[in-house]
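What follows is each chain in one-letter form.
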Protein chains: 2
Amino acid sequence: MSRAFVSKTQKRSPSEDFLRMVAERFRVLGEPMRLRILHALIDGEKSVTELVEATGATQANVSRHLQTLAGTGILGRRKEGLRVFYRIRDQSVLDLCDHVCGSLDRDLRERTKALR
Amino acid sequence: MSRAFVSKTQKRSPSEDFLRMVAERFRVLGEPMRLRILHALIDGEKSVTELVEATGATQANVSRHLQTLAGTGILGRRKEGLRVFYRIRDQSVLDLCDHVCGSLDRDLRERTKALR
DNA sequence: CTGTTATATACGTATCAAATCATATAGTTG
DNA sequence: CAACTATATGATTTGATACGTATATAACAG
């Protein structure tokens, strides 16, 4: 596996631009509502209206978050008549989420244990 | 592997609190300066002053980011005399970064290819 | 064309976070 | 004790962004 952040071969620190791009990816995932949208798309593509129902947010808000998610390539867009369907474009983003969930779990367990 | 975000067994959507916690983890990683600090800590613990030198940021700013990173359990703290040393507490956070770097790479390649 | 539906966006507001400066705190040295 | 060093934090400014309301755009139906 090639490591771009933790490079075994080159010690040079990442460029400003590179760090900005990586940070942007994380930042996009750093909003509960966007995670909710992502979760709603796990079992396949959905239209904006369906996502509005699934999330309970306003149409405008969902639409904006969808632009953000699609803008960074996390979601794909497909137009069909009046409706626009969004889908998870790179399933590996779900691995990311699970990774974070896993370490969150571990930390919560550790803290619980520390309380006794 | 247990999946907390993408659960095969339960379809119930994640609670508000859970999503907030997951989002917070991503958000913490969503700042270039914090990634820079993280990168500086790859080859072992460093004092605040060393991190100030490595990142080029002000002492106050580095200190604040360190509080943030330590607060979510990403970094560990060790006090020795006047100095405080920080270290990466859970190495798996580096996997996360590389994961993002990888998908970033893929997207950039795809866009480059699309230009031709 | 008119009306209707689905989605996107402009604008205003409120909130939050990053950075800086100045200062406080804690540990060390003499 | 005073002076010094390393780190943390309060106060402020500034910039970003999430959300709501209203409106614009686009596709379709009649």
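Sequence order as written defines residue numbering, which begins from 1 separately in each chain. In the order they appear in the text, chains get letters beginning with A and ligands get numbers beginning with 1. Where totals are concerned, whole chains, interfaces and linings use all residues; where local detail is concerned, this predicted model gives features only for residues with pLDDT of at least 70, and gives and counts side-chain atom pairs only at 80 or more. Side-chain descriptors were evaluated using all non-hydrogen atoms of the structure, hydrogens and water having been removed beforehand.

**Q** Teacher, can you tell me more about the protein's contact with DNA strand D here?
**A** Think of it this way: one heavy atom of a residue within 4 Å of a molecule or strand is enough to make that residue near it. Surrounding DNA strand D, one finds 24 residues, the nearest of these being H65 of chain A together with T49, R64, R77 and Y86 of chain B. Polar contacts here mean pairs of N or O atoms no more than 3.5 Å apart (in protein, one a potential hydrogen donor and the other a potential acceptor; neighbouring residues in sequence count only if both atoms are side-chain atoms). The separation between a base oxygen of DNA strand D and a polar side-chain atom of R64 of chain A is 2.7 Å. Within the side chain of Y86 of chain B, a nitrogen or oxygen atom sits 2.6 Å from a phosphate oxygen of DNA strand D. In this description a helix means any DSSP run of H or I spanning at least four residues, a strand means any run of E spanning at least two, and both kinds are numbered starting from the N terminus. Where the surface near DNA strand D is concerned, the elements lending two or more residues are α4 (59-71) of chain A together with α3 (48-55), α4 (59-71) and β3 (83-88) of chain B.

**Q** Teacher, can you tell me more about the sheet that holds β3 of chain B here?
**A** Where strands meet in a sheet, backbone hydrogen bonds hold them as pairs that are either parallel or antiparallel. All names here are of chain B. Within the open sheet, the three strands sit side by side as β1-β3-β2. Their pairing is antiparallel. Two strands lie at the open edges of the sheet, namely β1 (46-47) and β2 (75-80), each paired on one side alone. Any two strands with at least two DSSP bridges between them are considered paired. Taken together, the six bridges between β2 and β3 define a ladder with antiparallel strand orientation. Residue K79 lies in a different strand from β3, and its bridge partner there is V84.

**Q** Just to check I follow, could you spell out the interface of chain B and chain A for this structure?
**A** As a measure of interface size, the accessible area lost when the parts come together is often cited. The interface of chain B with chain A comprises 51 residues on the first partner and 51 residues on the second. What gets called buried area is simply the loss in accessible area from a 1.4 Å probe that two parts show on being joined, summed for both. For the chain B and chain A pair, buried surface summed over both sides reaches about 4800 Å², with 64% attributable to carbon and sulfur atoms. Of all residues in chain B, F5, R25 and F26 of chain B give up the largest surface area on contact with chain A, accounting jointly for 16% of the area buried on that side. What counts as a salt bridge is simple: a side-chain nitrogen of Lys or Arg found within 4 Å of a carboxyl oxygen of Asp or Glu. Across the chain B-chain A interface, the total number found is seven salt bridges. Contributing elements (two or more residues each) for the side of chain B that touches chain A: α1 (16-29), α2 (32-40) and α5 (92-115) of chain B. Take the side of chain B that touches chain A: its biggest share by element is 16 residues, from α5 of chain B. Think of it as three bins: nonpolar holds Ala, Val, Leu, Ile, Met, Phe, Trp, Tyr, Cys and Pro, charged holds Asp, Glu, Lys and Arg, and polar takes everything else, Gly as well. In terms of residue class, the side of chain B that touches chain A is built from 23 nonpolar, 10 polar and 18 charged. The criterion used for residue contact is that any of the two residues' heavy atoms lie within 4.5 Å.

**Q** What exactly am I supposed to notice about the pattern of salt bridges here?
**A** One side chain can pair with another of opposite charge once the charged atoms of both are near each other. Tallied over the full model, the rule gives 17 salt bridges over all chains. Put simply, D90 of chain A and R106 of chain B hold a salt bridge, and the shortest N to O gap is 2.9 Å. Taken together, the residues D90 of chain A in the loop between β3 (83-88) and α5 (92-115) and R106 of chain B in helix α5 connect one chain to another. Between E80 of chain B and R78 of chain B there is a salt bridge whose closest N-O contact spans 2.7 Å. Here the salt bridges share partners, and the residues they tie into one network are R25 and R89 of chain A together with D107 and E110 of chain B.

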